[in-house]
Amino acid sequence: MGPGGLLFAQIENDLATATICLQGAQVTRWQPRSQEEPVTFMSAKTQYTEGKPLRAGIPICWPWFGPHPTDKARPSHGFARNVLWEARAPARLGSGATQLSLLLSDSERTLASWPHRFILEYRVTVGDALDLELTTTNTGNEPFPLSEALHAYFQVGDIGSVQVLGLDGAEFVDTAGAGQRQHQHGAVTFASEVDRVYVNTEATCTIVDPLLKRRIHISKRGSHSTVVWNPWEKKAAALADLGAAPATRGGWRQFVCVESANARDNTLALDPGQSHRVAVRYHAESI
Ligand code: TA6
């Protein structure tokens, strides 16, 4: 039992340490032994509240990304990040990594906000790399639409000095603006709010962080969109669990979200009996 009465799994092995909140199956912290700082970010103002995701690590957006397409009263980014998942016993792999599987399936509560039967399996492998596999299976009798994201918050030295590589030439929807479509030229850099859904890209992205002297590589399969987000000062101030303070550890200048998603043009349709898997690997390299 942890803060706010939430349940957490702590993983420690020779390669890394990690914390996973069973509410939302949210990896809230991952630090390979090779790194002096966690690779994931946690807001200094994170709120530990039942039914609310933590502003930390990797919340899972599922079965819709962003606002619900027709009903704004339903939770932003779906419900998977707000409910308790079932954890299986962890397994130690030959590599020295630890694997934890978590499960979520339809219940009265999920059927009330989304009328579809499903099984969602999440395999978290904690080692020098962090491997995440999210598999959705449609166990009902009708197809359903699916949009999703592993909404990863990465800790950086200062948002103004980082670059995100790997999206050169990709088309994006500018959600921070009026939703116009543009193409990326070169690296993504940050001097004001950035909120972009890059579509039709499976490319590996790299966060280059000269202050923390590392590169974080994000490679993926089964994800055709990449979302890049930093709220900048005004939007951060409007989020009670983030705030406007720029310079403190755990403030808005210390993270960038690079999210492995299927959203917008890449929304999926799953037939009865069909499964879909998103698999990502995060790896930090010192420079
Ligand atoms: O992925 C970017 C985004 O969709 C932004 O628009 C921003 O609102 C963010 O996610 C955080 O959403 P949340 O509901 O967790 O506050």
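First, a word on what this report is: a plain description of the structure on this page. Model, not experiment: these values are computed from the prediction. Each residue is numbered by its place in its chain's sequence as written, counting from 1. Local features in this predicted model are restricted to residues of pLDDT 70 or higher, and side-chain atom pairs are both shown and tallied only at a pLDDT of 80 or more, whereas totals for entire chains, interfaces and linings draw on every residue. Excluding hydrogens and water, the side-chain figures rest on all heavy atoms present in the structure.

### Description of the pairing of strand 2 (residues 16-21)
What counts here: The classification of residues rests on relative accessible area computed with a 1.4 Å probe and restricted to protein chains. Under 20% of the type maximum is buried, over 50% is exposed, and intermediate values are partly exposed. Each helix corresponds to a stretch of at least 4 residues labelled H or I by DSSP, and each strand to a stretch of at least 2 residues labelled E; elements are numbered beginning at the N terminus. Any two strands with at least two DSSP bridges between them are considered paired.
For strand 2, the tally of buried residues reaches 6 of 6 residues, placing the bulk of the element in the interior. Along strand 2, one buried face is formed by A16, A18 and I20 and the opposite face, lined by T17, T19 and C21, is buried too. Pairing of strand 1 (residues 8-12) with strand 2, which is carried by 5 bridges, proceeds in the antiparallel orientation. Following the sheet pairing, I11 is matched in strand 2 by A18. Following strand 1, the chain reverses through 3 residues before pairing antiparallel with strand 2. Bridging between strand 2 and strand 3 (residues 26-32) involves 6 bridges; their strand directions are antiparallel. Residue pairing in the sheet places I20 in a bridge with V27 of strand 3. Hairpin connection, strand 2 to strand 3: the antiparallel pair is bridged by 4 residues, and G24 has positive phi, about 80 degrees.

### A look at the site of the ligand
Let me state the cut-off plainly: Here, proximity means that at least one heavy atom of the residue falls within 4 Å of the molecule or strand. In protein, a polar contact means a hydrogen-donor-capable atom and an acceptor-capable atom, both N or O and within 3.5 Å, with residues adjacent in sequence counting only if both atoms are side-chain atoms; elsewhere, any N or O pair within 3.5 Å suffices. Each accessible area is a Shrake-Rupley estimate made with a 1.4 Å probe; only the visible protein chains count as cover when residues are assessed. For this classification, the nonpolar set comprises Ala, Val, Leu, Ile, Met, Phe, Trp, Tyr, Cys and Pro, the charged set comprises Asp, Glu, Lys and Arg, and every other residue, Gly included, is treated as polar.
Inspection of the region around the ligand gives R55, F65, S76, H77, R81, H151, D195, V227, W229 and E259 as its neighbouring residues. Contact distances for the ligand include 2.9 Å between an oxygen atom and a side-chain N or O atom of R81. In the environment of the ligand, an oxygen atom lies 2.5 Å from a nitrogen or oxygen atom belonging to the side chain of D195. When the ligand is considered free in solution it has 390 Å² of accessible area, and contact with the protein chains removes 77% of it. The residue inventory of the shell around the ligand, partitioned by class, reads 3 nonpolar, 3 polar and 4 charged.

### Side note on the sheet that holds strand 2
Convention followed: Here an axis means a line fitted to C-alpha atoms, over the contact stretch when the element is a helix, while the angle between two N-to-C directions is reported on a 0 to 180 degree scale.
Spatial strand order, 1-2-3: 3 strands in an open sheet with antiparallel pairing. Two strands lie at the open edges of the sheet, namely strand 1 and strand 3, each paired on one side alone. Strand after strand, the sheet turns through a mean of 10 degrees between neighbouring axes, direction not considered.

### A look at the environment of V162
Defined as follows: Pairs of residues are marked as contacts when any of their non-hydrogen atoms sit within 4.5 Å.
Here V162 shows up in the loop between strand 12 (153-155) and strand 13 (163-165). With a relative accessible area of 1%, V162 lands in the buried category. Considered as a pair, V162 and D209 are 47 residues apart in the sequence and their alpha carbons are 5.0 Å apart. Each residue touching V162, except ones within four places of it in the same chain, is listed here: V156, V188, T189, F190, I207, V208 and D209.

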